[in-house]
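Chain by chain, the residues:
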Protein chains: 2
Amino acid sequence: MVKIKSQRLQSRLMEMARFGGLSSGGVKRLTLTEEDKGARNLLRKWMNDLGLEVHVDEIGNMFGILSGKNKDRFIGTGSHLDSVPTGGKYDGPLGVLAALEVAETIVEHKIQLNHSLVVANYTNEEGVRFFPDMMGSLAHVNPNKISEYLSAKDEKGITVKEAAADIGYNGKMKCGAIRYNAFVELHIEQGPILEQKGIDIGVVKGVQAILWIKLTIEGKSGHAGTTPIAARKDTFYAFSRLSNYARQLCSEIPGQLITIGSIELSPNAINVIPEKVIATLDIRNPSDEHLADAIQKVHEFIAKDDSFQNLKVSEEVLVDVPAVRFDQRVTSSISRSCQSLGYSEMDMFSGAGHDAQILATRYPAAMVFIPSKDGISHAVDEYSSPELIEKGANVLLQAILHLDQD
Amino acid sequence: MVKIKSQRLQSRLMEMARFGGLSSGGVKRLTLTEEDKGARNLLRKWMNDLGLEVHVDEIGNMFGILSGKNKDRFIGTGSHLDSVPTGGKYDGPLGVLAALEVAETIVEHKIQLNHSLVVANYTNEEGVRFFPDMMGSLAHVNPNKISEYLSAKDEKGITVKEAAADIGYNGKMKCGAIRYNAFVELHIEQGPILEQKGIDIGVVKGVQAILWIKLTIEGKSGHAGTTPIAARKDTFYAFSRLSNYARQLCSEIPGQLITIGSIELSPNAINVIPEKVIATLDIRNPSDEHLADAIQKVHEFIAKDDSFQNLKVSEEVLVDVPAVRFDQRVTSSISRSCQSLGYSEMDMFSGAGHDAQILATRYPAAMVFIPSKDGISHAVDEYSSPELIEKGANVLLQAILHLDQD
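Computed from a prediction, not measured in an experiment: that's the story for all the values here.

Let's talk about the layout of surface pockets
Argument step 1. Estimated volume of the largest pocket: approximately 1000 Å³.
Argument step 2. For the largest pocket, the lining is made up of 37 residues, of which Asn268(A), Val128(B), Arg129(B), Phe131(B) and Glu155(B) are closest to its centre.
Argument step 3. Listed by contribution, the elements that provide at least two residues to the lining of the largest pocket are strand E10 (263–266) of chain A together with helix H6 (160–166), strand E7 (209–218), strand E10 (263–266) and strand E12 (276–285) of chain B.
Argument step 4. Here the residues of the lining of the largest pocket sort into 19 nonpolar, seven polar and eleven charged.
Argument step 5. One number sums up the size of the second largest pocket: a volume of about 850 Å³.
Argument step 6. Forming the boundary of the second largest pocket are 28 residues, of which Val128(A), Arg129(A), Phe131(A), Glu155(A) and Asn268(B) lie nearest the centre.
Argument step 7. At the level of elements, strand E7 (209–218), E10 and strand E12 (276–285) of chain A are the ones that each hand at least two residues to the lining of the second largest pocket.
Argument step 8. When residues of the lining of the second largest pocket are assigned to their parent elements, the largest contribution, three residues, is made by E12(A).

Structure follows, in structure tokens:
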């Protein structure tokens, strides 16, 4: 059976991790930055060396195409090269470089595919620098919204359009020009389940719903030493109560996760009661119904808790992605590959958002997970062993060969 | 009886408020900034016009001296011109400009004082740009620590010494050169008590203890969508529980105030569990014993609460000022003035830190309070009526004339 070359994939993963590499061993490579430019240029070189036809679309999504007998039927695979501020080497790059490794293996073995194979790198999957996250794949499935995405600004006021142009990745191809007959994304689990169960491969059946809310709470500033507690309109105290309640909901509602990852106080001075809090809630659940329940309870808390009386609260929904079910034909091609390779597998849902989840709203798609050491990701010590990465890439290869036969 | 001129004092308060004036009507005049420079230059001009001998010390404290029969015996009065980021027109400038008004009244009436009268403006009372607060008066009473204060840095890495030089207020006079026989500071109450009781003047018998603690809480970053709650080392969740507990302590311990005014998360990204929280606690109590009790309970909470298990907590004490009792001779001179002027008065403790509290550690000192509308300060709508300001300035004048006779 045809196999990928583990050593080549490993060395490329390590070489890619040098762009935005942190002394801690992690990676900080925010989308469309100089670090991202370096990573993209290296990917393009590797694509060119392999003879792939490289295209870049309006929002900077990169596509390396290996033509098949039928040039207009596409099977896609890939992920993203951008990272969070304290990210690791694997979240994203694994899917992109494994896709490249699959293409190289097919070229080396002179396998003539029926479909054209697309190796994809999607822009701004993490959504740290620009809202929303998974922006590149969103633009792929919603080309009519491209101007909205291109005008999104980072905290310095730089737009996506400007940032893409600054690093030379404002491409000519129209977003959505490539229509996939199937898309498969290899990714680390980013959770502890596979490792705890000692299983090689996760066959991802779907992705949990994700909601990002930005809360702005306005009260009144006042002197920390002279304003009686009863007279305070203390925005941070109210928000800290909400933070406690959010954690409580995580134990009350099945599958519920709520994370408070960012907050900003005004005026943010030691001896001044904060007149304003701007903070975010990251709310996830495999069930759309349970997610809706969580939101309702959060709103009820804000409406009823004493700490929020006399405060003004406004809410902005930054991201609202419903739960996704992946394509049965694509997931079964993954299962068949695991069986033919003799790897242990289990069905699971993804806890994180992924490009494949967005592409799945328009094209048949699914994902392959490999275990994450200690379930850690979005952290500098994110790790998956070369052996597990090799298994994941071989499953990806076989799944694509199966899909190519359909 | 000699009286100050209310109209002149009011117009000077309004003119001074233009430096760093906000559209909201408030003032943002951080210490040793361009805005502070403008305010200082105007004060120096007024001092010169009045014929005061102006000195600036190493840390930028300004002194306008009206010589008396005994040149070497000093009675001081004054406050500070710096403000918090969302400050008002009165916290500080009232004490400085009322001091100037008192000097001008004495000059106009050709009153020959036994003591030299010192009109003082102290540097960095608010402590927002540089730690610690009340730095100028601290340097006045601890000249041996001057190099430590001068090397304090703001968030841009600029030192006090550099900032003072940048605006031309790095003076030649040695800190502590002026030794007061008495010091009186007029200030707004910054609390609701006088207004609620309908009393004109607060005779301040002392100042509550103030402790500023900077907490650094270190955990582990992780993916918001895939890290099970039980596996999280969530620094913000732990801190939000501490915030709730701190508020609870304010109702359990007599006179206790705890304020959380500033916080910083790392990496501060929506979908990443924060690996680090740096936040401050402003803890105040009129009783040193009660304050110590509050600190101990905070430490016990951090040691015992489940949310802090597996987190690393380090603590830095930024400010630690014990409760202060003011000088009996000075406070009685204030009471006698109220009685002779026919103003209602009450004894009270200050909830805020003040330069007079620092000077009191070395020289006989006390303070005069006037009511603050709605008890508001450190806010743009801080306000005290011209009538109350006039009363406060007249009490200050009479108190100084009494002290001059001692």
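Notes on the interface of chain A and chain B
Argument step 1. In this complex, chain A contributes 61 residues to the contact, which on the side of chain B involves 61 residues.
Argument step 2. Carbon and sulfur atoms supply 60% of the area that chain A and chain B bury against each other, a total of about 5100 Å² over both sides.
Argument step 3. On the chain A side of the interface with chain B, the three residues burying the most area are His223(A), Arg247(A) and Ile270(A), jointly 15% of the side's total.
Argument step 4. Inspection of the region where chain A meets chain B yields four salt bridges.
Argument step 5. A salt bridge links Arg247(A) to Asp234(B), with the shortest nitrogen-to-oxygen separation between them at 2.7 Å.
Argument step 6. Between chain A and chain B we count 25 residue pairs in polar contact (both at pLDDT 80 or more) in total.
Argument step 7. If you list the elements that add at least two residues to the side of chain A that touches chain B, you get strand E8 (222–223), helix H8 (235–252), strand E9 (257–259), E10, strand E11 (272–273) and E12 of chain A.
Argument step 8. Considering every element that reaches the side of chain A that touches chain B, the biggest residue donor is H8(A), with nine residues.
Argument step 9. A per-class count over the side of chain A that touches chain B returns 28 nonpolar, 22 polar and eleven charged.

Digging into the relation of the copies chain A and chain B
Argument step 1. Superposing chain A onto chain B requires a rotation of 180° together with a translation of 0.0 Å along the rotation axis, leaving an RMSD of 0.1 Å. Such values leave the two copies arranged in the relation of a two-fold axis. In terms of proximity to the rotation axis, the leading residue of chain A is Ser240(A), whose C-alpha is 2.3 Å off the axis.
Argument step 2. A shared binding surface is used by both copies, with 100% of the interface residues of chain A retained as interface residues in chain B.

Focus: the packing of aromatic side chains
Argument step 1. Applying the stated criterion across every chain yields a total of 19 aromatic pairs over all chains.
Argument step 2. Both rings, one in Tyr122(B) and one in Phe183(B), keep their centres 6.3 Å apart while their planes meet at 65°; by these two values the pair is edge-to-face. You can see Tyr122(B) sitting in the loop between strand E4 (115–121) and helix H4 (135–141) and its partner Phe183(B) sitting in strand E5 (residues 180–188), a full 61 residues away along the chain. Of the two residues examined, Tyr122(B) and Phe183(B), each falls in the buried class.
Argument step 3. Between Tyr180(B) and Phe183(B), the ring centres sit 5.0 Å apart and the planes meet at 55°, which makes this aromatic pair tilted.
Argument step 4. Lying over the aromatic face of Tyr169(A), Arg40(A) brings its terminal NZ or CZ to 5.1 Å of the ring centre.
Argument step 5. Between Arg12(B) and the ring centre of Trp46(B), over which it is positioned, the NZ or CZ distance is 5.0 Å.

Some words on the confidence of the model for chain A
Argument step 1. For chain A, the average pLDDT comes to 96, and 100% of its residues sit at 70 or higher.
Argument step 2. Interface predicted TM-score (ipTM) for the complex: 0.73; the corresponding pTM is 0.73.

Quick look at unusual backbone geometry
Argument step 1. The omega angle of the peptide bond from Phe131(A) to Pro132(A) is -5°, so this bond is cis rather than trans.
Argument step 2. One can find Pro132(A) in the loop between strand E4 (115–121) and helix H4 (135–141).
Argument step 3. Here Ser266(B) and Pro267(B) are connected by a cis peptide whose omega angle stands at -5°.
Argument step 4. Counting through the fold element by element, Pro267(B) comes out in the loop between E10 and strand E11 (272–273).
Argument step 5. We note that Leu32(B) has phi near 60°; this positive angle belongs to a residue other than glycine.
Argument step 6. Summarising the element assignment, Leu32(B) is placed in the loop between helix H1 (6–16) and helix H2 (34–49).

Details of the pattern of salt bridges
Residues and elements named next belong to chain A.
Argument step 1. Counting across every chain of the model gives 40 salt bridges over all chains.
Argument step 2. The closest approach of N and O atoms between Arg-8 and Glu-104, which form a salt bridge, is 3.4 Å. Taken together, the positions of Arg-8 in helix H1 (residues 6–16) and Glu-104 in helix H3 (residues 93–108) put the pair 96 residues apart, joining distant regions of the chain.
Argument step 3. In this structure Glu-104 comes out as buried when scored by relative accessible area, which is 14%.
Argument step 4. When the shortest N-O distance is used, the salt bridge between Lys-297 and Asp-293 registers 3.0 Å. Residue Lys-297 and its partner Asp-293 are located together in helix H9 (residues 288–304), separated by four residues, close to a single helical turn.
Argument step 5. For Lys-297, a relative accessible area of 25% corresponds to the partly exposed category.
Argument step 6. On the basis of relative accessibility, which here comes to 25%, the residue Asp-293 falls in the partly exposed class.
Argument step 7. Three or more residues are tied together by salt bridges with common partners; here these are Lys-5, Arg-8, Arg-12, Glu-101, Glu-104 and Glu-108.

About the cut-offs
- Residues numbered from 1 in each chain as written.
- Chains lettered and ligands numbered in written order.
- Predicted model: local features only at pLDDT ≥ 70, side-chain atom pairs only at ≥ 80, totals over all residues.
- Heavy atoms only, no water.
- 1 Å grid on protein atoms, 1.4 Å probe; cavity = no way out; pocket = protein on both sides within 12 Å on 5 of 7 lines; lining within 4 Å.
- Points joined across faces, edges and corners; volume = space filled by probe spheres on them.
- Helix = DSSP H or I, 4+ residues; strand = E, 2+ residues; numbered from the N terminus.
- Nonpolar A, V, L, I, M, F, W, Y, C, P; charged D, E, K, R; others polar.
- Contact = heavy atoms within 4.5 Å.
- Buried area = accessible area lost by both parts, 1.4 Å probe.
- Salt bridge = Lys/Arg side-chain N within 4 Å of Asp/Glu carboxyl O.
- Polar contact = N/O pair within 3.5 Å; in protein donor to acceptor, adjacent residues only side chain to side chain.
- Least-squares fit on C-alpha atoms with pLDDT ≥ 70 in both.
- Phe/Tyr/Trp six-rings, centres within 6.5 Å; stacked < 30°, edge-to-face > 60°.
- Buried < 20%, exposed > 50% of the residue type's maximum accessible area, 1.4 Å probe, protein only.
- Lys NZ or Arg CZ within 6 Å of the ring centre and 35° of its normal.
- pLDDT = per-residue confidence, 0-100.

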